[in-house]
Amino acid sequence: MTRLPRKDLFDLPEGIVYLDGNSLGPLPKAARARALEVIEAEWGQELIKAWNTAGWMGLPQTVGDRIAGLIGAPAGSVATGDTLSIKVYQALAAALKLRPDRKVILSDNGNFPTDLYMAEGLIDTLDRGYELRTPAPEDVTAHIGEDVAVVMLTQVDYRTGRMYDMQAVTRAVQAAGAVMIWDLAHSAGAVPVDLTGSGAEIAVGCTYKYLNGGPGAPAFIYVRPDLVADIRPALSGWMGHDAPFAMERHYQPAMSTERLRIGTPPIVQLSILDEALKIWDGVDMAELRAASIALSQRFIREVEARCPELVLASPRDATARGSQVSFAFDQGYAAMQALIAQGVIGDFRAPDIMRFGFTPLYLDEGDIVIAAERMERVFRDALWKDPKFQTRSRVT
Ligand SMILES: *Cc1c(COP(=O)(O)O)cnc(C)c1O
């Protein structure tokens, strides 16, 4: 069993407390070495032979199986590649085909924008009278009617950290005859997930947040194994073909989740991700969850005692929350910039959310206390009022 934290496995800059691993995980030391090897020894020396000699062709599946192990899914049920936005599109298109007589996609109004944008784009492309409904998260279950084809929810809300009960919601969705899609962007590597136990049809997620795969790392998609044969891929690329190198004239989908792959896999990025995922070997997700709750509860306690200006914007009940804590403050952008200047990195989400992620792989309670002390300084000395913290960057 791996003891947490494992700070020695990451390249974290000296003096920084990193509370943004929910947005972009840090660099695993082994990933740097692997990337160099892939570029220099494999691409550089082997050239195109490396697809066979360095195992590039099997890498998407190897990585998919590693992810499967972290989300309670069987080996062979997770395909990797592309971005999460693309995987959302594929998931929705496949789900709608499974319920041809129904016309509603149900999500919630707190969902991450791209998930909703992709749904809107798909509806427009299909042009068959589909409709996207987005009630408030607490009202979703009341909206699961007979006209709903698919319910697409992000388990952990990116702003507040509020977490749906995956088993209960999936049961309600399936009882109404709809298809369940879970977006695990803020779940994979953050909380224990039991996809098989939930019975959900489809799940998607990204790997550059809690899984530390690096900026732009490939996304993943899970399909419940008994449904694979019924999934008609909307983006029928050659890498999802049953025999890509047979170069057949017509598309014939692979008989596994691999049918949801599209084009040539990003080998450098996949290799980095493969290395980053090895860190999870031997990590007990229940232990990680307990550590995450301890860190986040300590953070809430310390911050509320030191910064009375801030209002908790996350559920106080840790079991109703993922692995992040958010505070609302109307000058939250400037306050976060001031805090980052003090060496505590979180991020800001419009309109007023200061967001902090808790990642027990490389954080301990000492880090939490340092972060709270520096936050206290930002507010006590009104450091955020400095004009240099007022101008917004492109990425917040
Ligand atoms: C981070 C995140 C995304 C990002 O999608 P990309 O295509 O990887 O940019 C999408 N959906 C959710 C719920 C997210 O949290």
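Small disclaimer: the values here were computed from a predicted structure and weren't measured.

### Focus: the sheet that holds strand S11 (residues 311–312)
In step 1: If you trace the four strands from one edge of the open sheet to the other, you get S11-S12-S15-S14, paired in antiparallel fashion. Strands with a single pairing partner mark the edges of an open sheet, and in this sheet they are S11 and strand S14 (347–349).
In step 2: Together, S14 and strand S15 (353–357) form the strand contacts of helix H10 (residues 332–341), whose direction differs from that of S15 by roughly 40°.

### What about the pattern of salt bridges?
In step 1: This model, assessed by the stated rule, comprises 24 salt bridges.
In step 2: Among the ionic pairs, Asp11 bridges to Arg32, the shortest N-O distance being 2.2 Å. Remark: Arg32 occurs in helix H1 (residues 29–46) and Asp11 occurs in strand S1 (residues 10–11); sequence separation between them is 21 residues.
In step 3: In this structure, Glu304 engages Arg316 in a salt bridge whose closest nitrogen and oxygen atoms are separated by 2.8 Å. Of this pair, Glu304 sits in helix H9 (residues 285–306) while Arg316 sits in the loop between S11 and strand S12 (324–328), and the two are twelve residues apart along the sequence.

### As for helix H4 (residues 84–98)
In step 1: Taking 1.5 Å of rise per residue, the 15 residues of H4 would be expected to cover 21 Å, and the 21 Å separating its terminal C-alpha atoms lies within 8% of that figure.
In step 2: Where burial is concerned, most of H4 is hidden: 13 out of the 15 residues are buried.

### Looking at a nonpolar patch on the surface
In step 1: Side chains of Ile39, Trp43, Leu47, Ile48 and Val268 sit close together on the surface and give an oily, nonpolar patch of about 520 Å² of accessible area.
In step 2: Take Ile39: it is sitting in helix H1.

### Concerning the pairing of strand S9 (residues 202–205)
In step 1: Every second residue of S9 is oriented toward a common face, with Ile202 and Val204 on one face and Ala203 and Gly205 on the other, all of them buried.
In step 2: Direction of pairing for strand S8 (residues 179–183) relative to S9: parallel, over a ladder of three bridges. Opposite Trp182, over in S9, you have Ala203 as the bridge partner.
In step 3: Pairing analysis gives four bridges linking S9 to strand S10 (residues 220–223), with the strands arranged antiparallel. Bridging from a neighbouring strand, Ala203 pairs with Tyr222 of S10.

### Observations concerning helix H3 (residues 59–70)
In step 1: Counted at 1.5 Å a residue, the expected span for H3 with its twelve residues is 16 Å, and the 17 Å between its end C-alpha atoms agrees.
In step 2: Within H3 the residues assigned to the buried category are Leu59, Pro60, Val63, Gly64, Ile67, Ala68 and Leu70.
In step 3: Check the buried side of H3 and you find it contacts H1, strand S4 (78–80), S10, helix H8 (267–278) and H9.
In step 4: At the C-terminal side of H3, Gly72 shows a positive phi close to 65°.

### Remarks on the site of the ligand
In step 1: Taken together, Thr83, Leu84, Ser85, Phe112, Thr114, Asp115, Thr154, Asp183, Ala185, His186, Tyr208 and Lys209 are the residues near the ligand.
In step 2: One nitrogen or oxygen atom from the side chain of Asp183 is found 3.5 Å from a nitrogen atom belonging to the ligand.
In step 3: With respect to the ligand, the side chain of His186 contributes an N or O atom lying 2.8 Å from an oxygen atom.
In step 4: When isolated, the ligand has an accessible area of 390 Å², and the protein chains bury 87% of it.
In step 5: Among the cavities detected, the one that contains the ligand is the largest pocket.

### Some words on empty space enclosed by the protein
In step 1: For the structure shown, the criterion picks out one cavity of 30 Å³ or more.
In step 2: Roughly 40 Å³ of internal volume is contained in the largest cavity.
In step 3: Looking at the largest cavity, the residues that line it are Gly189, Tyr210, Asn212, Trp280, Leu288, Thr359, Pro360, Leu361 and Tyr362.
In step 4: Three or more residues apiece are contributed to the lining of the largest cavity by two domains, here domain 1 (7–28 + 284–389) and domain 2 (55–280).

### A short note on the packing of H9 against helix H11 (residues 365–380)
In step 1: With their axes 9 Å apart at the nearest point, H9 and H11 run at an angle of 25° to one another. When the axes of H9 and H11 are compared, the pair comes out roughly parallel. The hand of the H9/H11 crossing is right-handed. When H9 is examined against H11, the residues Ala294, Leu295, Arg298, Phe299, Glu302, Val303 and Arg306 are found in contact with a partner set consisting of Glu365, Ile368, Val369, Ala371, Ala372, Glu373, Met375 and Glu376.
In step 2: For the contact of H9 with H11, the per-class residue count stands at nine nonpolar, no polar and six charged.

### Things to note about the side chain of Glu275
In step 1: One can find Glu275 in helix H8.
In step 2: Side chain to side chain, Glu275 and Arg34 meet in a polar contact 2.6 Å long.
In step 3: Ignoring sequence-local partners within four residues, the contact set of Glu275 consists of Ala30, Ala31 and Arg34.

### Remarks on the pairing of strand S7 (residues 148–154)
Remark: a regular strand shows side chains that alternate across the two faces of the sheet.
In step 1: Extensive coverage of S7 is indicated by the burial of seven of its seven residues.
In step 2: Across three bridges, the pairing between strand S5 (residues 104–106) and S7 is parallel. Its bridge partner being in S7, Val104 is matched across the sheet by Val148.
In step 3: The parallel pair S7 and S8 is bridged by helix H6 (residues 166–175), and the resulting crossover is right-handed.

The rules behind these values
Residues numbered from 1 in each chain as written. Predicted model: local features only at pLDDT ≥ 70, side-chain atom pairs only at ≥ 80, totals over all residues. Heavy atoms only, no water. Pairing = 2+ DSSP bridges. Helix = DSSP H or I, 4+ residues; strand = E, 2+ residues; numbered from the N terminus. Contact = heavy atoms within 4.5 Å. Axes fitted to C-alpha atoms, helices over the stretch in contact; angles between N-to-C directions. Salt bridge = Lys/Arg side-chain N within 4 Å of Asp/Glu carboxyl O. Expected span 1.5 Å × (residues − 1). Buried < 20%, exposed > 50% of the residue type's maximum accessible area, 1.4 Å probe, protein only. Patch = residues over 30% accessible without salt bridge, like charges linked within 9 Å, V, L, I, M, F, W, Y side chains within 5 Å. Areas by Shrake-Rupley, 256 points an atom, 1.4 Å probe, with all protein chains shown as cover. Near = heavy atom within 4 Å. Polar contact = N/O pair within 3.5 Å; in protein donor to acceptor, adjacent residues only side chain to side chain. 1 Å grid on protein atoms, 1.4 Å probe; cavity = no way out; pocket = protein on both sides within 12 Å on 5 of 7 lines; lining within 4 Å. Sits in = over half its atoms within 2 Å of the grid points. Points joined across faces, edges and corners; volume = space filled by probe spheres on them. Domains from an automatic or database assignment. Parallel < 35°, antiparallel > 145°, perpendicular 65-115°, else oblique. Left-handed = near helix turned anticlockwise from the far one by under 90°. Nonpolar A, V, L, I, M, F, W, Y, C, P; charged D, E, K, R; others polar. Right-handed = clockwise from strand over helix to strand, strands pointing away.

These values are about where atoms sit, not about what they do.
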